[in-house]
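Listed below are the residues making up each chain.
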Amino acid sequence: MEAATKERELSGEKAQRIVDSMRDSVARRGAAGSTFEHVAREAGVSRGLLHYYFGTKERLLVEVVRRDTEIRVARLDERLAEATSVDDVLGVLVDSLTNMIDHEPAYFLLLYELFSAGRRNPDIQREVGQLFERTRSHVSEVLDAKQGEGVLKLRFDAESIVSYLFALADGLALQALSDPKRDLSAAFATGAASARYLLVDE
């Protein structure tokens, strides 16, 4: 935890360079092949600086996922704020997932890597769990707000619905990345239909 605290003290520009370099490295080499040496060289900082502020590669991966999640949630907020129907909401959710699978698959690769790391390291497991909890709570608040506007009529409590939708999205992403040639359009349509059922209690 001390290393994670020190990381927050990095200057914004330097920290962003390190995070961006790790993200790019994972996209090119995979998480296993992305070493501190690669990241330090590409970020233009010393390897010792990465060790000092992050301690381990897994902690740096946590920070990459945390920052990327914040960006994605902000984008989701912006688009959902304009949604005036359940079709609009479903369109935003499906577009967000398919865009990530098609153009930013490294995000899911990082999540899977951190899940594995968390099995060996309780600190990593706790940090990732807290990140997921914050994200679920935030999106749940957005759905509750949409229900308050009359856009949605949720069948169950918002957090349970969000947990299900996140699990569905993670599972579809895993299938898509494991077998890129497989046509998952029918599976996505099925997922959208189940989401519609949860979002509109008719």
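It should be noted that the structure appears before, not after, this text.
Residue numbers restart at each chain and count upward from 1, following the sequence in its written direction. In view of the model being predicted, local features appear only for residues whose pLDDT reaches at least 70, and side-chain atom pairs are presented and counted only at 80 or more, with totals across whole chains, interfaces and linings using the full set of residues. Water and hydrogen atoms were dropped before computing side-chain values, which therefore reflect all heavy atoms in the structure.

## Details of the overall build of the protein chain
Note the following rule: Helix and strand assignments follow DSSP, with helices taken as H or I runs no shorter than four residues and strands as E runs no shorter than two, numbered in order from the N terminus. Radius of gyration: over C-alpha atoms. The globule rule applied is 2.2 Å multiplied by the number of residues raised to the 0.38 power. Any residue under 20% of the maximum accessible area for its type is buried, any over 50% is exposed, and the rest in between are partly exposed; the area is computed with a 1.4 Å probe on protein chains only. Only heavy atoms enter the contact rule, under which two residues are in contact if any of them lie within 4.5 Å. Only four residue types enter the charge count: Lys and Arg as positive, Asp and Glu as negative, with His and the chain ends excluded. In plain terms, the charge of a residue is placed at NZ if it is Lys, CZ if Arg, CG if Asp and CD if Glu.
What the protein chain contains, in helices and strands, is 10 helices and 0 strands. Counting from the amino terminus, the protein chain carries its helices and strands in the arrangement α-α-α-α-α-α-α-α-α-α. For the protein chain, whose C-alpha radius of gyration is 18 Å, the value lies close to the compact-globule estimate of 17 Å for 202 residues. Projected onto its principal axes, the C-alpha positions of the protein chain cover 60 × 40 × 30 Å. When burial is assessed residue by residue, the protein chain has 42% of its 202 residues classed as buried. Restricting to contacts in the protein chain with at least 6 residues of sequence separation, those with at least 24 account for 66%. The protein chain carries 27 positive and 34 negative side-chain charges, and their two centres are separated by 6 Å.

## Regarding the pattern of salt bridges
Rules: Salt bridge, as applied in this entry: a Lys or Arg side-chain nitrogen positioned within 4 Å of an Asp or Glu carboxyl oxygen.
For the coordinates displayed, the defined rule picks out 18 salt bridges. One salt bridge in this structure joins Arg-29 and Glu-42, with 2.5 Å as the shortest N-O distance. Here the residue Arg-29 occupies a position in helix 2 (residues 12-29), and Glu-42 occupies one in helix 3 (residues 36-43), the gap between them amounting to 13 residues. Judged by its relative accessible area of 31%, Arg-29 falls in the partly exposed class. Residue Arg-136 is joined to Glu-133 by a salt bridge in which the shortest nitrogen-to-oxygen separation is 2.8 Å. Taken as a pair, Arg-136 and Glu-133 lie in helix 8 (residues 122-148) at a separation of 3 residues, close to a single helical turn. Beyond isolated ion pairs, a larger network of salt bridges with shared partners links Asp-20, Arg-23, Asp-68, Arg-72, Arg-75 and Glu-104.

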